[in-house]
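Chains, contacts and geometry: an overview
Chain by chain, the residues:
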Amino acid sequence: MKTFRVLKDRPAGFFPEFEKRPAPLRRNMHYCPGCGHGVLHKIVAEALADFDIKDRTTFISPVGCAVFGYYYMDCFGISTPHGRAPAVATGLSRAHRDSVVISYQGDGDLAAIGFNEFIHTVNRGENLCYIFVNNAIYGMTGGQMAPTTLVGQKTSTTPNGRCATEDGIPFRVAEIVASQPNPVYVERVALSSPKEIMKARAAIRKAIKNTMERKGLSFVEVLSPCPIGLKKDAAGISKFIDEEMTKIFPLGKLKDVAAERVPAEHPVPVYDCEKVRAALFPQENRAEKEEFFGEKLREDIYNESEIFEKERRIKVAGAGGQGVLSLAYIIAHMARLRNFNVTYLPTYGPEMRGGTADCSVVASRREIASPIVDSNANMLIALNQPSLDKYLPQLKPTGIIVYDSSSITLPEISERQVAYGVPAAQLAVGLGSTRYGNSLILGALAKMMEELFLTPEDTKDFSAVVEAALRECFADKPKIIAPNLEAFRLGKEKAFRANTGKNPE
Amino acid sequence: MSSKSLLLCGNEALVYGALLAGCDAYFGYPITPAGEIIECAAKKFPELGRVFIQAESEIGSINMVMGAAAAGQRAMTASSGLGISLMQESVSYLAGMEIPCVIADITRSGPGIGNISVEQSDYFQIVKGGGHGGYRCPVFAPASAQEMCDMAFRAFDMAEKYRTPVYILTDGMIGQMMESVTLPEPIEKSAPAPYSLTPGNARTNHFTSIYLEAEELEKKNEALLAKYREMEANDQDAELWKTDDAEIVLVAYGIMSRLAKNAVDELRERGIKAGLVRPKLLFPFPKNALNALVDRAKKFVCIELSGGQMIEDVKLAIECRRPVELIHRVGGKLISVDELVAGVKAVA
Ligand SMILES: Cc1ncc(C[n+]2csc(CCOP(=O)(O)OP(=O)(O)O)c2C)c(N)n1
Ligand code: SF4
Ligand SMILES: [Mg+2]
């Protein structure tokens, strides 16, 4: 009878000699006599050879008595941390989509310590073959309670028998798996008699076949004898499985939708350098830009004005929701577009929730050391009174202020500081939305730069850069680009110098 | 063709660097301040047909990394302190099984859930091993978005050269701050390692960390130790900033090294000959660079956002031949440049 051939002969899916086993024990398996693991290994090994998949199969050895599964299986192997086989299997199976990954786990490994990884792997429906060895005990560690231990069953950690109210009740994994939509095949079998072993063999072969055919997740729960852990002889352990375990863990097929399951399509990874560049490198749509900027579009422009030789340390501050971060972001983009090193650091941490927002931007031709703008700020852009009052003391005595004059009354400032105002919030309302406030402020910034610092060449370029940065930052909202450019022009027109500071830097 | 610069936060730059290094798979679980990594990976990995999974936990992520990396892929994950703690059992397995991969820790403040502000208190955990058993991992310490990109790019080569997990350790500020970044050229993809579980390779390939015989495990562990010595001999890396004539040598990494540079400049303006050693790798620790400065240096000052962790390595490196002072802060606040200057002056 075929069963006995399976049990007695060495299947071709085993190594001819168990060379990974420490000498001198290289002929036989390490399992106790009568242990279900040995029978299961043979069934798996036989299928590996019969289906000719030894070269593309990985057998995962769990932590448990099957930790040495890799001694025997003539295929790839990995022994994983306790319970983590499903996650490792996921990584393996995603790496090589046509590989066959067999996750072989005990009841402690799968149903206790590793159940979270397991159930989410089930939920994702990974293309895997699960063999779940339910022997109602922790075999390897010497017979402690497993999640599948029966109520009343004595183990070394339930010396008076498992108590339903204190220790929980036997965990029925196959039923949980079958209740989920993604798994394709779920069956519970037993290794209690030649007849049942034949059924187990058929189920495991089917699960492996499904995996080969990329049908998704197949799960076979195997009620497996552990005569040592349960302190029973061969007859006693078979009887225990047939008469007690199957009452709680009924045998049979719980789900099989393999016939109608179509293998999922998967993307093909791209490594071609040209395509990788196209996906990651900044792409410039030159034609579109040239049309927009005309002759203003120039690559690698070097702004010659002296101000750009010094590190610009800018604090942008206002009320939360005023667009402080996006204003700072546009300024950071302007600097990047002209090849400055830039750091952009929004207020980080709990202060965010206090109703004020601020952001540090540093632009420099040299390497930027500290990205924090505090006592060394040389420009303050303030959108409301509290932030002006808060950050003015940190501004250098030669610093520059740009502020929204519709909400801020400028206090007395040092004679070498200079301030430019624009009634941004007020003008924005006139333009139809408070969201144009940022561009109005940028107008004031441009006016200040042009009047005080920029060469004629850079004067032309500064507005171009503002436009380019606005276009970049609003790339996903093209409709608001034109009104923002309009606001920028208006801001420049309406901005005014608020003091007669002597010698700003 | 070289790339024009991009404005990226450090966390995004890390993902770009990994993809350009041919990283095949990202597995992760959301946590602040590493969130931009998983979000950027979720977008960019599938765009290139590569594997992305939001795992059920950090335990899930690191073990998915184990599977993909065992299968010969360049695989990575990232998290912050708490999640890194959860991964430790598996990192120990990865080190023991010699499976190369990359793990980023974008630190926050602890212990426990702490807060999401900046601290550097994961140093002991990451640099000294972290999990059980006597293993070490190379640890990169990027201090800018550019380095997040470059070091992620380098980390895979390092991981494969030594067959080891490699860490990228930085703080939430470096992770979340945006900076201009120039991208490196993408690599030409090469075949998975011959030892990996890749169809076509010898099917006797397997990974395990179990060695029942003491003699066998001793051999295995001595080989690991030899590998760590090799890293110490070949891979120390530090930036030296104005150290040539330095009498006061500051030592700082991550965000604090950026502020320390400004402090060095200010101290020099006040006539104190200060310099900075910035470890670019924390393991192997730049002992040689520090030792070379001992003769001229009067004092070393370690600057850390922790109770003083790296300072132990500084003292060991110079074998306490000079006093080593600590300037530190914990709980989520930076040490400002002014505070650094005052602190150094107080001990100089
Ligand atoms: C993290 C961790 N905790 C505990 C152990 C100890 N341990 C080894 S095997 C095992 C139980 C395995 O039981 P099961 O999965 O049912 O496998 P069996 O031996 O019964 O086949 C335990 C708790 C471990 N190796 N790792
Ligand atoms: S303890 Fe039980 S499960 Fe483990 S080898 Fe022995 S019989 Fe098999
Ligand atoms: Mg068990």
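Residues numbered from 1 in each chain as written. Chains lettered and ligands numbered in written order. Predicted model: local features only at pLDDT ≥ 70, side-chain atom pairs only at ≥ 80, totals over all residues. Heavy atoms only, no water.

Topic: the overall build of chain B
- Along chain B, the regular secondary structure elements total 12 helices and 15 strands.
- A globule of 348 residues ought to have a C-alpha radius of gyration of about 20 Å, and chain B, at 20 Å, matches this closely.
- The C-alpha extent of chain B, read off along each of the three principal axes, is 65 × 50 × 45 Å.
- Burial analysis of chain B (348 residues in total) assigns 63% to the buried set.
- Pairs at least 24 apart in sequence give 79% of the contacts found in chain B among residues at least 6 apart.
- Accessible surface computed for chain B: about 11,700 Å², of which carbon and sulfur atoms make up 51%. (Helix = DSSP H or I, 4+ residues; strand = E, 2+ residues; numbered from the N terminus. Rg over C-alpha atoms; globule rule 2.2 N^0.38 Å. Buried < 20%, exposed > 50% of the residue type's maximum accessible area, 1.4 Å probe, protein only. Contact = heavy atoms within 4.5 Å. Areas by Shrake-Rupley, 256 points an atom, 1.4 Å probe, with all protein chains shown as cover.)

Description of empty space enclosed by the protein
Residues and elements named next belong to chain A.
- Taken as a whole and assessed by the stated rule, the structure comprises 6 cavities of 30 Å³ or more.
- Of the pockets and cavities examined, the largest cavity occupies roughly 310 Å³.
- In terms of lining residues, the largest cavity is bounded by 19 residues, among which Phe308, Met334, Ala335, Met449 and Phe462 are the most central.
- The set of elements that each furnish at least two residues to the lining of the largest cavity consists of strand E8 (312-319), helix H12 (324-337), strand E10 (356-364), helix H15 (437-452) and helix H16 (456-473).
- Looking at which element gives the most residues to the lining of the largest cavity, the answer is H16, with 4 residues.
- When the residues that make up the lining of the largest cavity are grouped by side-chain class, the tally is 13 nonpolar, 1 polar and 5 charged. (1 Å grid on protein atoms, 1.4 Å probe; cavity = no way out; pocket = protein on both sides within 12 Å on 5 of 7 lines; lining within 4 Å. Points joined across faces, edges and corners; volume = space filled by probe spheres on them. Nonpolar A, V, L, I, M, F, W, Y, C, P; charged D, E, K, R; others polar.)

Side note on the sheet that holds strand E6 (residues 218-223) of chain A
- Taken in spatial order, the 8 strands of this open sheet run E7(A)-E5(A)-E6(A)-E4(A)-E3(A)-E1(A)-E2(A)-E9(B), and their pairing is mixed. Only two strands of the sheet have a single partner each, and these edge strands are strand E7 (252-256) of chain A together with strand E9 (206-207) of chain B.
- Here strand E1 (residues 57-61) of chain A pairs with strand E3 (residues 100-106) of chain A via 4 bridges, running parallel. Paired with Thr58(A) across the bridge in E3(A) is Val101(A). (Pairing = 2+ DSSP bridges.)

Let's talk about the domain arrangement of chain B
Residues and elements named next belong to chain B.
- For chain B, the domain assignment lists domain 1 (6-234) and domain 2 (238-347).
- Relative to domain 2, the C-alpha centre of domain 1 lies at a distance of 27 Å.
- Across the boundary between the two partners, domain 1 contributes 34 residues, which contact 29 residues of domain 2.
- Regarding the contact of domain 1 and domain 2, the summed buried area is about 2,600 Å², with carbon and sulfur atoms giving 55% of it.
- Between the two partners, domain 1 and domain 2, sit 4 salt bridges.
- The partner of Arg278 in a salt bridge is Glu147, with the nearest N and O atoms 2.7 Å apart.
- Our enumeration of links across domain 1 and domain 2 arrives at 17 residue pairs in polar contact (both at pLDDT 80 or more). (Domains from an automatic or database assignment. Buried area = accessible area lost by both parts, 1.4 Å probe. Salt bridge = Lys/Arg side-chain N within 4 Å of Asp/Glu carboxyl O. Polar contact = N/O pair within 3.5 Å; in protein donor to acceptor, adjacent residues only side chain to side chain.)

Brief notes about the site of ligand 1
- Neighbouring ligand 1 are 17 residues; His37(A), Cys65(A), Asp107(A), Asp109(A) and Gly139(A) lie closest to it.
- Mapping the residues adjacent to ligand 1 onto the chains of the assembly identifies chains A and B.
- Take Asp109(A): an N or O atom from its main chain is 2.8 Å from an oxygen atom of ligand 1.
- Its free accessible area being 600 Å², ligand 1 has 77% of it covered by the protein chains.
- Tallying contributions element by element places helix H4 (residues 107-113) of chain A first for the shell around ligand 1, with 4 residues. (Near = heavy atom within 4 Å.)

Considerations on the sheet that holds strand E8 (residues 178-181) of chain B
- Across the sheet, which stays open at both edges, the 9 strands sit in the order E14(A)-E13(A)-E12(A)-E11(A)-E8(A)-E10(A)-E9(A)-E8(B)-E1(B) with mixed pairing between neighbours. Across the chains shown, the open sheet's two edge strands, defined by having one partner strand only, are strand E14 (496-497) of chain A together with strand E1 (6-9) of chain B.
- Where strand E12 (residues 395-404) of chain A lies against strand E13 (residues 418-422) of chain A, 5 bridges are found, and the strand directions are parallel. When the bridges of E13(A) are listed, Asp404(A) appears paired with Val422(A).

What about the interface of chain A and chain B?
- Between chain A and chain B, the residue contacts involve 73 residues of the former and 83 residues of the latter.
- Our count for the contact surface shared by chain A and chain B stands at 5 salt bridges.
- The interface formed by chain A and chain B holds 27 residue pairs in polar contact (both at pLDDT 80 or more) in total.
- Only strand E2 (76-79), helix H3 (85-95), helix H5 (115-124), helix H10 (273-280), H12 and strand E9 (341-346) of chain A provide two or more residues apiece to the side of chain A that touches chain B.
- In terms of residues, the side of chain A that touches chain B owes the most to one element, H3(A), which gives 7 residues.
- For the side of chain A that touches chain B, a count of residues per class yields 36 nonpolar, 18 polar and 19 charged.

Looking at the domain arrangement of chain A
- Entries for chain A in the domain assignment read domain 1 (37-260) and domain 2 (291-497).
- Here the C-alpha centre of domain 2 of chain A lies 63 Å away from the C-alpha centre of domain 1 of chain A.

So, a negative patch on the surface
- Together, Glu213(B), Glu215(B), Glu216(B), Glu218(B) and Glu222(B) make up a region of like negative charge exposed at the surface.
- Within the secondary structure, Glu222(B) sits in helix H8 (residues 214-234). (Patch = residues over 30% accessible without salt bridge, like charges linked within 9 Å, V, L, I, M, F, W, Y side chains within 5 Å. Lys, Arg positive; Asp, Glu negative; His and termini not counted. Charge placed at Lys NZ, Arg CZ, Asp CG, Glu CD.)

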